[in-house]
Number of protein chains: 2
Amino acid sequence: MGTNDLDTAYFDEQLYVRNVAVDNVIFGYHDRELKVLLQKPKLLDKWTVAGGYILKTESVEEAAHNIAFMRTGLKDLFLEQFKTFGSPTRIKDEWLDIEKVFANAGLNPPTEAWIRDYSVSIAFYTLTEFSLVTVQKASFDEAIEWWPVAQLPKMMFDHALIIEEALKALQRDIYHYPIGYELLPRKFTLPEIHSLYETILGKTLDNRNFTRKLLSTGIIKKLDETRNIGAHRSPFLYKFEKKRYDAALKDGIFLGF
Amino acid sequence: MGTNDLDTAYFDEQLYVRNVAVDNVIFGYHDRELKVLLQKPKLLDKWTVAGGYILKTESVEEAAHNIAFMRTGLKDLFLEQFKTFGSPTRIKDEWLDIEKVFANAGLNPPTEAWIRDYSVSIAFYTLTEFSLVTVQKASFDEAIEWWPVAQLPKMMFDHALIIEEALKALQRDIYHYPIGYELLPRKFTLPEIHSLYETILGKTLDNRNFTRKLLSTGIIKKLDETRNIGAHRSPFLYKFEKKRYDAALKDGIFLGF
DNA sequence: TATATATTCTGTCATTTTGACGAAATAAAT
DNA sequence: ATTTATTTCGTCAAAATGACAGAATATATA
């Protein structure tokens, strides 16, 4: 598991895999926006993706799950490894600045600081149902907040790049897997899922053609209930068909929007 | 960069990133078979994927390129990162056996053996034009050979799994990128590329529909030359249109076979 | 109570793409 | 000249796609 805390335990190389971090781009969907859960360490004015290190007793995937759990309070989230980043320059220069800030604040950096040495980051993205997330602030964080991917704050290291690549991976995967399931509440309306796909893909999709295609997969099922949205026609609620959904996850489908 | 040699330099943690290996599944196509380039270390009776470690002065991608170069003698190959493997069990148990073999042979394992500690492997696949490859045997290898992916020998660690995942990634990618280019000679015939796609995807593809679709992308271009194949009609030669090919690599296409 | 407003929802049609076929053309061997 | 093995070209019905418009509904307000 791992937090981003600068707990001394983190630097214990008996426990953690050296030189290897796991970064997890946690996506949520709210107010017609795709958002990522970011944290801002104390003292610094840049934000980071949720991240941590790998215990020598766990797998890479378990580490990613634990990172997601520590930030959202949710287990068994949909989580996908998309790329591993590693270069001599991706963190090193910035660590010099960080250490100065620490020194000015009277803090001394850890002696076993392999963390600022060459760092490989195994990057995942995680999909969450926004409303279920209870944001968990870690002790070393000043803040942890949802940010729209369209308007990100100043990011630390290469984390802006990591988010960019995560979004690309998500855009690629959404054509092959009915991923919307993971970002939406259990019951949702057609306009909602339509808008979600438009947001993720960053383009308009004809609503008639979109629903025609989505329904033809048999993955979503109309319910008898409707949702009241005020002074407008009440849209029907739908839910995902678990069986079909799992089959689509396994075998893949193609949604050529 | 890195070889799989047990050169002492490899254990120098000043030079190499600890706990992180790069494994590279090198694909080639020959005799209507998809093959992978494997090596067999001396003393052991199992085979491994081409692999090595990362110099602290290079990026992960550079390391992968160097591994490919050391085995094939070729630079700038098409190379794709597809997954990073890491778990407490993936190498540890087998290292115990390996050390026994070493001990029996009167060799003593390196003292700085972080190599047999927790190991993360960043896996790539590489596509090569079979006939251009000049296989390069490393000093610690007893053999290095092409093996058909359909009939692999006994593999070390989780390398059978890594190859399996590489093939899955290749099968996925071939639908989106005109990857055949990298596995075929500069000039090729329609039956050749047809057979290549059938081999990779592991299913028969109607030749008429296949060529219709492939030609419609504008990625390959008919030449005036033909190839003599003995007592049969001489098939025309084709080549890839560099410009269209690059555009397809960048933007992606969809070949729904 | 009627009307206006904003949103959901359903349907058509021409065009394109797909999938499933068979037959003609060609190169060398007999 | 005939046979054999392979390449190459063509058709056609069915399905999928893309572009487009109008009816239905829930509330607000006139």
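Residues numbered from 1 in each chain as written. Chains lettered and ligands numbered in written order. Predicted model: local features only at pLDDT ≥ 70, side-chain atom pairs only at ≥ 80, totals over all residues. Heavy atoms only, no water.

Visitor: Before we move on, can you summarise the domain arrangement of chain A with the specific residues and values?
Guide: Residue and element names in this part refer to chain A. Taken domain by domain, chain A holds domain 1 (8-173) and domain 2 (180-251). Distance between the C-alpha centres of domain 1 and domain 2: 31 Å. Taken together, the contact pairs 14 residues of domain 1 with 13 residues of domain 2. For the pair domain 1 and domain 2, the summed buried surface comes to about 1100 Å²; carbon and sulfur atoms form 65% of the total. Contact with domain 2 buries area across many residues of domain 1, yet Tyr29, Phe78 and Glu129 alone supply 48% of it, more than any other trio. Counting across the interface, domain 1 meets domain 2 through zero salt bridges. Sorting the residues of the side of domain 1 that touches domain 2 by element identifies strand S1 (16-30), strand S2 (33-41) and helix H3 (159-173) as the ones contributing at least two each. For the side of domain 1 that touches domain 2, a count of residues per class yields eight nonpolar, three polar and three charged. (Domains from an automatic or database assignment. Contact = heavy atoms within 4.5 Å. Buried area = accessible area lost by both parts, 1.4 Å probe. Salt bridge = Lys/Arg side-chain N within 4 Å of Asp/Glu carboxyl O. Helix = DSSP H or I, 4+ residues; strand = E, 2+ residues; numbered from the N terminus. Nonpolar A, V, L, I, M, F, W, Y, C, P; charged D, E, K, R; others polar.)

Visitor: I'd love a proper account of the relation of the copies chain A and chain B, names of residues and values included.
Guide: Laying chain A over chain B is done by rotating through 180° and shifting 0.0 Å along the axis; what remains is an RMSD of 0.0 Å. Such a turn and shift between the copies fits a two-fold axis. Both copies present the same face, since 100% of the interface residues in chain A are matched by interface residues at the equivalent positions in chain B. (Least-squares fit on C-alpha atoms with pLDDT ≥ 70 in both.)

Visitor: Break down unusual backbone geometry for me, with residues and values.
Guide: Residues and elements named next belong to chain A. For Asp31, which is not glycine, the phi torsion reads 50° and is therefore positive. By the element assignment, Asp31 lies in the loop between S1 and S2. Residues other than glycine seldom take positive phi values, yet Asp76 does so here, at roughly 55°. In this structure, Asp76 sits in the loop between helix H1 (60-72) and strand S4 (78-86).

Visitor: So what's going on with the packing of helix H5 (residues 190-201) of chain B against helix H6 (residues 207-216) of chain B? Which residues, and what values?
Guide: Packed helix pairs are specified by the crossing angle of their axes together with the interaxial distance, meaning the distance between the axes. Residue and element names in this part refer to chain B. For the pair H5 and H6, the least separation of the axes is 11 Å and the interaxial angle reads 100°. It follows that H5 is roughly perpendicular to H6 by the angle criterion. On H6, the residues that touch Leu190, Ile193, His194 and Tyr197 of H5 are Asn207, Phe210, Thr211 and Leu214. The class makeup of the residues in the contact of H5 with H6 is five nonpolar, three polar and no charged. (Axes fitted to C-alpha atoms, helices over the stretch in contact; angles between N-to-C directions. Parallel < 35°, antiparallel > 145°, perpendicular 65-115°, else oblique.)

Visitor: Lay out the pattern of salt bridges in plain terms, naming residues and giving numbers.
Guide: Residue and element names in this part refer to chain A. One pass over the structure, following the stated rule, counts 26 salt bridges over all chains. Of the charged contacts, one joins Lys40 and Glu142 as a salt bridge, the two residues approaching to 3.3 Å between their closest N and O atoms. Of the two residues, Lys40 is situated in strand S2 and Glu142 in strand S6 (residues 141-148); the sequence distance between them amounts to 102 residues. On the basis of relative accessible area, Lys40 is assigned to the buried category, the value being 10%. When its relative accessible area of 44% is taken as the criterion, Glu142 is described as partly exposed. (Buried < 20%, exposed > 50% of the residue type's maximum accessible area, 1.4 Å probe, protein only.)

Visitor: Break down the protein's contact with DNA strand C for me, with residues and values.
Guide: Close to DNA strand C lie 19 residues; Arg233 and Phe236 of chain A together with Arg212, Lys213 and Asn228 of chain B are nearest. The side chain of Asn209 of chain B places a nitrogen or oxygen atom 3.1 Å from a base nitrogen of DNA strand C. Arg233 of chain B is positioned with one of its side-chain polar atoms (N or O) 3.0 Å from a base nitrogen of DNA strand C. At the level of secondary structure, the elements contributing two or more residues to the surface near DNA strand C comprise helix H6 (207-216) of chain A together with H6 of chain B. No other element matches the four residues that H6 of chain B contributes to the surface near DNA strand C. Grouping the constituent residues of the surface near DNA strand C by class yields four nonpolar, six polar and nine charged. (Near = heavy atom within 4 Å. Polar contact = N/O pair within 3.5 Å; in protein donor to acceptor, adjacent residues only side chain to side chain.)

Visitor: Break down the protein's contact with DNA strand D for me, with residues and values.
Guide: DNA strand D sits among 20 residues. The nearest are Lys213, Asn228 and His232 of chain A together with Arg208 and Phe236 of chain B. Among the atoms of DNA strand D close to the protein, meaning within 4 Å, 56% are from sugar or phosphate groups. His232 of chain A places a main-chain nitrogen or oxygen 2.8 Å from a sugar or linking oxygen of DNA strand D. Measuring from a base nitrogen of DNA strand D, one finds a side-chain N or O atom of Arg233 of chain A at 3.0 Å. Elements that contribute at least two residues to the surface near DNA strand D include exactly H6 of chain A together with H6 of chain B. Top element by residues in the surface near DNA strand D is H6 of chain A. It accounts for four residues.

Visitor: Can you break down the packing of aromatic side chains residue by residue, with the values?
Guide: Counted by the stated rule, this structure contains 31 aromatic pairs over all chains. With a centroid separation of 6.2 Å and 35° between ring planes, the pair formed by Phe82 of chain A and Tyr125 of chain A is classed as tilted. A residue pair is termed long-range when its members are at least 10 positions apart, and Phe82 of chain A in strand S4 and Tyr125 of chain A in strand S5 (residues 120-127) qualify at 43 residues. The burial state of Phe82 of chain A is the same as that of Tyr125 of chain A; both residues are buried. Centroid distance Tyr181 of chain B to Phe240 of chain B: 4.7 Å. Interplanar angle 50°. Geometry classified as tilted. Of this pair, Tyr181 of chain B sits in helix H4 (residues 180-183) while Phe240 of chain B sits in strand S9 (residues 236-240), placing them 59 residues apart in sequence. Look at Tyr181 of chain B and you get partly exposed, because its relative accessible area is 25%. For Phe240 of chain B, a relative accessible area of 7% gives the class buried. Feature note: the residues Phe27, Phe82, Phe85 and Tyr125 of chain A constitute an aromatic cluster, connected by ring pairs. When the ring centre of Phe69 of chain A is taken as origin, the NZ or CZ atom of Lys75 of chain A, which lies over that ring, is 4.6 Å away. (Phe/Tyr/Trp six-rings, centres within 6.5 Å; stacked < 30°, edge-to-face > 60°. Lys NZ or Arg CZ within 6 Å of the ring centre and 35° of its normal.)

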